[in-house]
Each structure stands twice: as C-alpha cells, then as structure tokens.
Amino acid sequence: MDIFSILLWPIKWVIELILVAFHSLWTFVGLPFDGGITWVLSIVGLVIVVRAALIPIFVRQIKSQRRMLEVAPQLKKIQDKYKGKKDQFSREAMSRETMDLYKRTGTNPLSSCLPLLLQMPIFFGLFSVLNDASRNADRGGVGALTPELARSFSSAEFLGAPLSATFIDAMNAGGPWQVMVVAVVMIILMTASQFITQLQIVSKNMSPETKASPMFRQQRILLYLLPLVFAVSGVAFPLGVMFYWLVSNFWTMGQQFIVIRNMPTPGSEAAKAREARLAKKGKLIVESPTDDAATEAEKKSTQRQQPVSKNRAKKKRK
C-alpha cells in the first residue's frame, strides 16, 4: 500500500459509511437495491453531508472575500506606488507592504480556494472507492462497503451508463454510447454552473473601486479558467464522481446566490438591488444628515458653560 492510499484510507472509510447509510435509507423507502438512481441519490446525500459540514468554512471564506474586496483599493495604491520599478529593493518593499496589509486587515488571497481544496480529497476518495468497487468487488471496501454492496455500486447504471465508467474509457472502447452522452451533458452542466457562480461575483458583487483594481482582472481570469478546468478534467472521472461534482456545483451556485442577495458587498450592484428591495418594502433605514446635525447641536447646547468675568461680558455686549 502506497502513501497516497494510506492517506486516503480514513476518507474512504467515511465516504463508504455515508454512502451505505443513504443507500440503506433509499432501499428502506422502496428504491431498488441495485438501482443506479439509488446510488446516485446516495451520492447526493454525500454531497449534502460534506457541504453542510463545510458551511462554517464557507462563512469564513465569505468574510475573508469581503475583506479582500474592501482592501482592494489599498492594494492598488501599493501596486501603483511601485509600478515600473523592477529593482530587487522595490520588489521586496512591495511584497513586504502587501503582506503587512494582509496581516493588518486579516485577509488571505487564498481563502476563496479553501472550500474547493478541502473537497479535493473527497473527489479522490470517491474516485478510489468507485475504482476499488469495480476492480476488486469481491474484497469490498475499507469499511461499510461489503462485497455485495461493492458489486452493486460498480455495476449500477444511470440511464444505461455505469457509474464506474469514464468518457475516455467509453470513447477508446467504442461504447457504450450512453456513457459518452451522459458524460457530455454533465460536463456542460458542470461548466455552466461554475461559470454562473463566478459570473455572479464578477457582475453583481464587486464595488466600482474593486472593478478598477487588479483583483477584478484575477476574478475575470477565474471566470473563464475554472469552467475550462472542469471541462478538461471531467472526461477522465467516473460518472459517479462527476455526479458528486455536479451536485456540489449546484450547491455552491445556490449558496452564492443567497449570500450575494442578502449580504452583498457595499457599493456593488447587488447592494444597490438589495437597498431597492428594502426601500420598496419600507424597511430601508437611512440616517438623515439633519438628524445628525440636530443631535450635534443638542450636545453643544447642553455642554457646561464656562464662567465669564464681568469685564469680558461687557466687551461681548459692546
């Protein structure tokens, strides 16, 4: 057993436990034991459990992203300060000031990638579970996946396509065509959902200051890069893993929509839309400048008057 398998062992054990638990639930309510829909719904259950567990990390990610958007103008000032300076001293000074800014504001440019990075072991773990189930079904899995369940999982089909099959294998073997059709449809949906998720951020949840900063260019690159990664890598993953990936993308898209709608970045298009909705419902609270001035005048009027001598009082009257 190599080091990679050793590291994946506890992840595979948990994945098998969740899959088998949901498989037992669906068979209990009447779905077929060997049905592909039963195992697909079990994978959906795995997504729900994993993404629910990642909600606290997602909240931290949103807060960190918000801080990154807020410090974007300051970051641009640092970059403009050293623009055109190629010497080693200037590069080190720019890097030092940038890191000081991140430390002072509690921001991390890599925070937006954290949920995806934490899910990568799940992807590889599920890939390994499917691979082991299709190649060594008689041995079963590392935990709750018995030989009987492993054989059922490896042979389960959805719309005539085995969950353990990949687009590349089906293309090289000349079929079955159902695998290639299902894989292409899923890749299109995965790419579209990832694109829409990034587009929500770029088009609706960035302030004008952020759109003028280098961060906006980075987000626009991600807008096209991440869907391309999904499209290229999807052809090599089993359909079961792609189902996990697709449902997880839909979860992210919906989660992002809720956050942008209810907690938008100040000054962004989403924030203006939220203010318009609140104003229409009569729930928008706007602080009036006149109220602030009246409060300040009231504070001044209630301040303790200093005693004035008779001579100074006479001068004031004159």
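To be clear, the structure that these remarks concern was listed above.
These figures come from a predicted structure and were not determined experimentally.

Thresholds applied
- Residues numbered from 1 in each chain as written.
- Predicted model: local features only at pLDDT ≥ 70, side-chain atom pairs only at ≥ 80, totals over all residues.
- Heavy atoms only, no water.
- Helix = DSSP H or I, 4+ residues; strand = E, 2+ residues; numbered from the N terminus.
- Buried < 20%, exposed > 50% of the residue type's maximum accessible area, 1.4 Å probe, protein only.
- Contact = heavy atoms within 4.5 Å.
- Areas by Shrake-Rupley, 256 points an atom, 1.4 Å probe, with all protein chains shown as cover.
- Core = buried A, V, L, I, M, F, W, Y, C linked by side-chain atoms within 4.5 Å.
- Salt bridge = Lys/Arg side-chain N within 4 Å of Asp/Glu carboxyl O.
- Axes fitted to C-alpha atoms, helices over the stretch in contact; angles between N-to-C directions.
- Parallel < 35°, antiparallel > 145°, perpendicular 65-115°, else oblique.
- Left-handed = near helix turned anticlockwise from the far one by under 90°.
- Phe/Tyr/Trp six-rings, centres within 6.5 Å; stacked < 30°, edge-to-face > 60°.

Peer 1: Hey, could you run me through the overall build of the protein in this one?
Peer 2: For the protein, the helix and strand inventory stands at 14 helices and two strands. The 318 residues of the protein split such that 36% are buried. Taking as baseline every contact in the protein between residues at least 6 positions apart, the subset at least 24 positions apart corresponds to 71%. Summed over its atoms, the accessible surface of the protein is roughly 18,900 Å², and 63% of this surface lies on carbon and sulfur atoms.

Peer 1: Got a minute to help me understand unusual backbone geometry in this structure?
Peer 2: In terms of backbone geometry, most residues other than glycine have negative phi values and most peptide bonds are trans. Its identity as a non-glycine residue notwithstanding, Leu159 has a phi of 55°, on the positive side. Inspection of the secondary structure assignment puts Leu159 in the loop between strand S1 (157-158) and strand S2 (161-162).

Peer 1: How should I be thinking about the nonpolar core in this particular structure?
Peer 2: Nonpolar side chains tend toward joint burial in soluble globular proteins. Formed by 43 residues in total, the largest nonpolar core has its most connected members in Leu19, Trp39, Leu46, Leu145, Phe153, Met242 and Tyr244. Those elements that provide at least two residues to this core are helix H1 (3-28), helix H2 (36-53), helix H5 (114-135), helix H6 (147-155), helix H7 (167-173), helix H8 (177-204) and helix H11 (239-262). No other element matches H11, which puts seven residues into this core. Within the second largest apolar cluster, eight residues are counted, among which are Leu75, Tyr82, Ala93 and Tyr102.

Peer 1: Which parts of the structure should I look at to understand the pattern of salt bridges?
Peer 2: Two side chains that carry opposite charge are able to pair once their charged atoms sit near each other. Tallying each qualifying case throughout the model produces one salt bridge. Of the charged contacts, one joins Glu97 and Lys81 as a salt bridge, the two residues approaching to 3.1 Å between their closest N and O atoms. One end of the pair, Glu97, is in helix H4 (residues 88-105); the other, Lys81, is in helix H3 (residues 55-81), and 16 residues separate them in sequence.

Peer 1: Where do I start with the packing of H2 against H11 in this structure?
Peer 2: Helix-helix packing: each pair is described by the crossing angle between the helix axes and the interaxial distance. Interaxial distance between H2 and H11 falls to 9 Å at its minimum, and their mutual angle equals 45°. When the interaxial angle is binned, H2 and H11 end up oblique. Regarding H2 and H11, the two cross each other, and that crossing is right-handed. Across the interface between the two elements, Val40, Ile43, Val44, Leu46, Val47, Ile48, Val50, Arg51 and Ala52 of H2 pack against Gly240, Phe243, Tyr244, Val247, Ser248, Trp251, Thr252 and Gln255 of H11.

Peer 1: Is there a simple way to think about the packing of aromatic side chains in this case?
Peer 2: Here a ring pair, both rings aromatic, is described through the centre-centre distance and the interplanar angle of the planes. Counted by the stated rule, this structure contains three aromatic pairs. A ring pair is formed by Phe237 and Trp245, whose centres lie 5.2 Å apart and whose planes are at 85°; its orientation type is edge-to-face. Accessibility classification places Phe237 together with Trp245 in one group, the buried group.

Purely geometric stuff here, so don't read any function into it on its own.
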